[in-house]
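# Architecture and fold: a report
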Amino acid sequence: MPLNRTLSMSSLPGLDDWEDEFDLENTVLFEVAWEVANKVGGIYTVLQTKAKVTGDEWGDNYYLVGPYTEQGVRTQVELLEPPTPALKRTLDSMNSKGCKVYFGRWLIEGGPLVVLLDVGASAWALERWKGELWDTCNIGVPWYDREANDAVLFGFLTTWFLDIVTPNGLNVKKFSAMHEFQNLHAQSKARIQEFVRGHFYGHLDFNLDKTLYFFIAGRYEFSNKGADVFLEALARLNYLLRVNGSEQTVVAFFIMPARTNNFNVETLKGQAVRKQLWDTANTVKEKFGRKLYESLLVGSLPDMNKMLDKEDFTMMKRAIFATQRQSFPPVCTHNMLDDSSDPILTTIRRIGLFNSSADRVKVIFHPEFLSSTSPLLPVDYEEFVRGCHLGVFPSYYEPWGYTPAECTVMGIPSISTNLSGFGCFMEEHIADPSAYGIYILDRRFRSLDDSCSQLTSFLYSFCQQSRRQRIIQRNRTERLSDLLDWKYLGRYYMSARHMALAKAFPEHFTYEPREADATQGYRYPRPASVPPSPSLSRHSSPHQSEDEEEPRDVPPDEDSERYDEDEEAAKDRRNIRAPEWPRRASCTSSTSGSKRGSVDTGPSSSLSTPSEPLSPASSLGEERN
């Protein structure tokens, strides 16, 4: 039986227009999430990029509610006094009863107001609230599960919430670099290459110009995020590349935060050796340049036998000796606290990917979020993604999946699954996703081994592409960013809020959506041609970078004459109708409703306090009454 698709999946812009304005004097919107000013995973990006769209609709009637973290507040939040008497009374009341609640403005685009709840300060009420959760809902929470305990505390401290699943977009203005994204790819790739030069010192026996960078990133959920399948596919890919004599090398990054105590000494040494070589080369170059300059000043060609002296050769030999290494380059960049039982490291030991010279697939496990201030790999996540060639996210379960979406708007191909919201969304709106650099792995109907074989096939076919083919594919991938823009997908959050208000307060709000028209929405057709690898085919802006050009002696592909990137891009964009911001849903509000500045949509008695903790059922019931 075919799976049902929600409205957002089957008809992208197919929502009714809102006919009347909301009465913002009597309506306040709270959005509750654990990653408000608290980076854990992809939801942080959802909130950060969506804030401006929602703020444009609701103004200062829009509040984000999240957990208080010292690091997040110190670096991202400006603490303020509550702007309304009702909000101040609420915060003062909770603080006076043993809670710690903070108010401020999140310093991101849109500058939304935030209410931050300190769950640790309310730990004294944990057992009572867990007991109530059991008594009312028969839900037990283990005493030793910190994440579950935090969820209980945060849930009871939060007085109003909304939970409707909607497709998540991105602020495309932030991620798309206009027509320079191909150049940005080359620049970011150069930063990654510098790290690779240091990491593999002494074993840099592969051609960096024929090296592809794959990566997986996210929370460290080994099976759920598909790291197990990815590792097994890498082992099979390594075998295929070796037996077929491929000159391609793959460096696969695992960016998943885990428990560590510091950087690996050998990894830091690699970067120090690389820097020493660079400094040595610059010193010799400057001396060479000065001698050349002096020779030219007197009108004579230099004597090449005198350009480098004995001291120069001694300096260079010392630098070369420093690159000698007896062990393989490390797999992990940090010292792991649970090295012997870590799932990624245990699997790597089983499949034998130890970064040896014979391996065509190299693995680097970076168990920490990326940062431009890191002494090891000084790039932020966005720059790192731009520099890679392929994102691999074979998740077994993913409500949406932000990592492949970020790849898409930056023009980086990715692998997703049909068990993720993103994968299903792309299958719905693209006739041939792989032609646009969106590979959909079947983890719904295939066995684990079959899914791994399919992933290996995706990876191997990607390795067989020429540079020109990868450039064309990146152009196509970047054009899909319109599918993920909040100017389209933000309207589904609007619709969800209107729907929730109409259900919770039918006497004040109405919402009557009609059935979606089958002709609404859009769907990318198959590309007009298969991406060729011609040296003479025309390319459109964005142009490829200098180091991405195809060798001139490669003969033109037979499909080159019928491939026109400019024409194909124009056809793709004609498939997208220009979005129109929907007008807000009709609503009816009585004069007895809450006044402007109210902090809740129900009676003040619905506030959850430590002295009178409310069960989820009772809280919901009071809000609806």
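Just above sits the structure.
In short, a report on the structure. (Residues numbered from 1 in each chain as written. Predicted model: local features only at pLDDT ≥ 70, side-chain atom pairs only at ≥ 80, totals over all residues. Heavy atoms only, no water.)

## Quick notes on the sheet that holds strand 10 (residues 361-366)
Under the convention used in this document: Think of it this way: DSSP has to see at least two bridges between two strands before they count as a pair. Put simply, DSSP H or I for four residues or longer makes a helix, DSSP E for two residues or longer makes a strand, and each gets a number counted from the N terminus. Angular values range over 0 to 180 degrees, each being the angle between N-to-C directions of two axes fitted as lines to C-alpha atoms, with helices fitted over their stretch in contact. Whether two residues are in contact is decided by their heavy atoms: any pair within 4.5 Å suffices.
If you walk across this open sheet you meet the six strands as 10-7-6-11-12-13, and the pairing is parallel. Because the sheet does not close on itself, it has two edges, and the strands there are strand 10 and strand 13 (438-441). The average angle at which neighbouring strand axes cross in this sheet is 25 degrees, direction not considered. Here helix 8 (residues 181-199) sits on the sheet and contacts strand 6 (211-217), strand 7 (249-255) and strand 10; the angle it forms with strand 6, its principal contact strand, is near 95 degrees.

## Focus on the nonpolar core
Operational definition: Nonpolar core, defined: a set of buried Ala, Val, Leu, Ile, Met, Phe, Trp, Tyr and Cys residues in which side-chain atoms within 4.5 Å join the residues together. When accessible area is computed with a 1.4 Å probe and restricted to protein chains, residues below 20% of their type maximum are described as buried, those above 50% as exposed, and intermediate ones as partly exposed.
Counting 87 residues, the largest nonpolar core has Phe214, Leu237, Phe253, Phe254, Phe384 and Leu459 as the members making the most contacts within it. Take this core: its biggest share by element is nine residues, from helix 9 (residues 227-243). Those residues in contact with Phe214 that sit more than four places away from it in its chain are Phe230, Leu237, Val250, Val251, Ala252, Phe253, Leu390, Val392, Leu459, Phe462 and Cys463. With 24 residues, the next largest nonpolar core counts Leu117, Leu133, Val141 and Leu153 among its residues.

## Digging into the packing of aromatic side chains
The way to describe two aromatic rings as a pair is by their centre distance and the angle between their planes. The criterion, for reference: Put simply, two rings from Phe, Tyr or Trp (the six-membered ring, in Trp's case) pair if the centres are within 6.5 Å, and we call them stacked under 30 degrees between planes, edge-to-face over 60, tilted for the rest.
Using the criterion set out here, one finds 19 aromatic pairs in the structure. Here the aromatic rings of Trp34 and Phe154 are separated by 5.3 Å at their centres, their planes lie at 80 degrees, and the arrangement is edge-to-face. Here Phe154 lies in helix 6 (residues 146-157) and Trp34 lies in the loop between strand 1 (29-32) and helix 2 (42-58), a separation of 120 residues in the sequence. What makes Phe154 buried here is its relative accessible area of 8%.

## Some details on the environment of Lys487
Counting through the fold element by element, Lys487 comes out in helix 19 (residues 486-504). Residues Lys487 and Lys50 lie 437 residues apart in sequence; the distance between their C-alpha atoms is 9.6 Å.

## Let's talk about a nonpolar patch on the surface
To be explicit about the condition: A residue counts toward a patch only above 30% relative accessible area and without a salt bridge, and it is joined to like-charged neighbours within 9 Å or, for Val, Leu, Ile, Met, Phe, Trp and Tyr, to nonpolar neighbours within 5 Å. All accessibility values rest on the Shrake-Rupley procedure with a 1.4 Å probe; residue burial counts only the protein chains present in the view. Within this document, salt bridges are pairs made up of a side-chain nitrogen of Lys or Arg and a carboxyl oxygen of Asp or Glu, the two lying within 4 Å of each other.
A contiguous nonpolar patch, built from Tyr293, Leu297 and Val298 and spanning about 350 Å² of accessible area, is present on the exposed surface. Structurally, Val298 can be placed in the loop between helix 10 (265-297) and helix 11 (304-307).

## Here's the deal with helix 5 (residues 126-137)
What counts, and what does not: A helix is expected to reach a length of 1.5 Å times the quantity of its residues less one. Throughout, the arc means the angular range of directions from the helix axis out to the C-beta atoms.
Under the 1.5 Å per step criterion, the end-to-end length of helix 5 is 16 Å for 12 residues, consistent within 8% with the ideal 16 Å. When we look at burial in helix 5, the residues that qualify are Leu126, Trp129, Lys130, Glu132 and Leu133. The buried residues of helix 5 occupy an angular sector of 160 degrees when the element is viewed end-on, so they sit on one face. Facing away from the buried side of helix 5, by more than 90 degrees, are the exposed residues Glu127 and Asp135.

## Things to note about the pairing of strand 1
With four bridges connecting them, strand 1 and strand 2 (residues 62-67) associate as parallel partners. Across the sheet, residue Val32 finds its bridge partner in strand 2, namely Val65.

## Quick word on the packing of helix 5 against helix 6
Definition in use: Here the word oblique covers every angle except those under 35 degrees (roughly parallel), over 145 (roughly antiparallel) and from 65 to 115 (roughly perpendicular). Ten residues, namely Ala, Val, Leu, Ile, Met, Phe, Trp, Tyr, Cys and Pro, are considered nonpolar, four, namely Asp, Glu, Lys and Arg, are considered charged, and the remaining ones, Gly among them, are considered polar.
At a minimum axis distance of 10 Å, the contact between helix 5 and helix 6 shows a crossing angle of 85 degrees. If you check the angle between helix 5 and helix 6, you find them roughly perpendicular. Of the residues in helix 6, those in contact with Leu126, Trp129, Lys130, Glu132 and Leu133 of helix 5 are Asn149, Val152, Leu153, Phe156 and Leu157. Here the residues of the contact of helix 5 with helix 6 sort into seven nonpolar, one polar and two charged.

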